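The residues making up each chain are set out below.
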Amino acid sequence: MTLPQIVSREQWRAAREELLVKEKAATRARDALNAERRALPMVEIDKEYVFEGGDGKATLLDLFAGRHQLVVYYFMFAPEWDAGCRNCSAFLDQIGHLAHLRARGTEFAAVSRAPYTKILPFKARMGWTVPWYSSYDSDFTYDFQASFAGEEPYERPGVSCFLRDRDRVFHTYSTYERGLDGLGSTTTFLDLTALGRQEEWEEPKGRASSLGAPAGSERIRYHDEYED
């Protein structure tokens, strides 16, 4: 195993400050990229999708649970498998408390092609509480390019973001595989959405107050203090 070079405290501090300049530049570049993502156009979803979850049959609109936005994670779990993908499981393990995401009007849900009768015991085994739905009788994962048919069918992990305007649902963003690197926290998921973190400094302007509540960080509470 190769280890970092051993230096004095002064040398370390100089190297750290040099790296910090690059880190701040990367942060500014990420903010600019997030603004471009929020400025993307959106596509209305006019196809009916039917899922199965803990409360039975559900539509894509139902997956919002009444909130403005929805982040869907495509969890690789084929109908013929007895357990979900290990890498997808590791991803779901790192998802934090959803109260902070929901306080910004955004719901999170996992979707897999496996029937719900297989999802439910595996979810219980893993101890997860996040909403998880089966798209077994639906083209959903195929239409959003997380599943592929053909001579050698395959799946890939990914995330799609949706925005709701009353009963109309719009697709705003998707990313797959390496695009999931670094995701898992409330802010990283919000950065993928059309409304973002809903902070006053974000571009485009006018979305921080979209939910009729204090902007972004001013809304943060202990997770048991939120009023849903």
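Reference entry: report on the structure contained in this document. Note that the structure is predicted; figures quoted are calculated from it, not measured. Counting from 1, residues in each chain are numbered in the order their sequence is written. Owing to the predicted nature of the model, reporting of local features is limited to residues with pLDDT of at least 70; listing and counting of side-chain atom pairs is limited to 80 or more, with chain, interface and lining totals taken over all residues. Just so you know, side-chain values use all the structure's heavy atoms and leave hydrogens and water out.

## Here we look at the pairing of strand S3 (residues 56–59)
DSSP bridges decide pairing: two strands pair if at least two such bridges lie between them. Elements are defined by DSSP. Helices are runs of H or I of four residues or more, strands are runs of E of two residues or more, and each kind is numbered from the N terminus. Relative to S3, strand S2 (residues 50–53) is paired through four bridges, and the arrangement is antiparallel. What sits directly across from Glu-52, in S3, is Lys-57. The antiparallel hairpin formed by S2 and S3 contains two residues in its connecting segment.

## Notes on the nonpolar core
The biggest cluster of nonpolar side chains holds 29 residues, and the ones touching the most others in it are Tyr-73, Phe-75 and Phe-108. Definition of nonpolar core: a set of buried residues of the types Ala, Val, Leu, Ile, Met, Phe, Trp, Tyr and Cys, connected through side-chain atoms within 4.5 Å. Buried means the residue's accessible area, taken with a 1.4 Å probe over protein chains only, is under 20% of the maximum for its type, while exposed means over 50%, and partly exposed covers the values in between. Membership of the second largest hydrophobic core comes to 19 residues, among which are Ile-45, Leu-60, Ala-146 and Phe-162.

## Some points on the environment of Arg-197
With respect to the helices, strands and loops of the structure, Arg-197 is situated in the segment after helix H6 (186–190). For Arg-197 and Glu-177, which are 20 residues apart along the polypeptide, the C-alpha to C-alpha distance reads 23 Å. Reaching out from Arg-197, the side chain makes a polar contact with the side chain of Asp-191 at a distance of 2.8 Å. Here a polar contact is taken to be a pair of N or O atoms separated by no more than 3.5 Å, where protein atoms must pair a possible hydrogen donor with a possible acceptor and residues adjacent in sequence count only if both atoms sit in side chains.

## Some details on the pairing of strand S4 (residues 69–74)
Within S4, six of the six residues are buried, leaving the element largely enclosed by the surrounding structure. Here six bridges tie S4 to strand S5 (residues 106–112), and the two strands are oriented parallel to one another. Paired with Gln-69 across the strands is Thr-106, a residue of S5. With six bridges connecting them, S4 and strand S9 (residues 158–165) associate as antiparallel partners. From the neighbouring strand, Val-71 faces S9, where its bridge partner is Cys-161.

## Notes on unusual backbone geometry
Cis peptide bonds are those with omega within 30 degrees of zero, and the linkage from Glu-203 to Pro-204 qualifies with -5°. One can find Pro-204 in the segment after H6. Its identity as a non-glycine residue notwithstanding, Ala-65 has a phi of 55°, on the positive side. With relative accessibility at 47%, the residue Ala-65 sits in the partly exposed group. For Glu-177, which is not glycine, the phi dihedral falls at a positive 50°.

## Overview of the pattern of salt bridges
Each reported salt bridge corresponds to a side-chain nitrogen of Lys or Arg within 4 Å of a carboxyl oxygen of Asp or Glu. Applying the stated rule across the entire model yields 13 salt bridges. Between Glu-107 and Arg-67 there is a salt bridge, and its shortest N-O distance comes to 2.8 Å. Of this pair, Glu-107 sits in strand S5 while Arg-67 sits in the loop between S3 and S4, and the two are 40 residues apart along the sequence. One exposure class covers both Glu-107 and Arg-67, and it is buried. Put simply, Glu-203 and Lys-205 hold a salt bridge, and the shortest N to O gap is 3.9 Å. Take Glu-203: its relative accessible area is 40%, and that puts it in the partly exposed class. Lys-205 sits in the exposed class, given a relative accessible area of 52%. Salt bridges sharing partners connect three or more residues here, namely Lys-47, Asp-139 and Asp-143.

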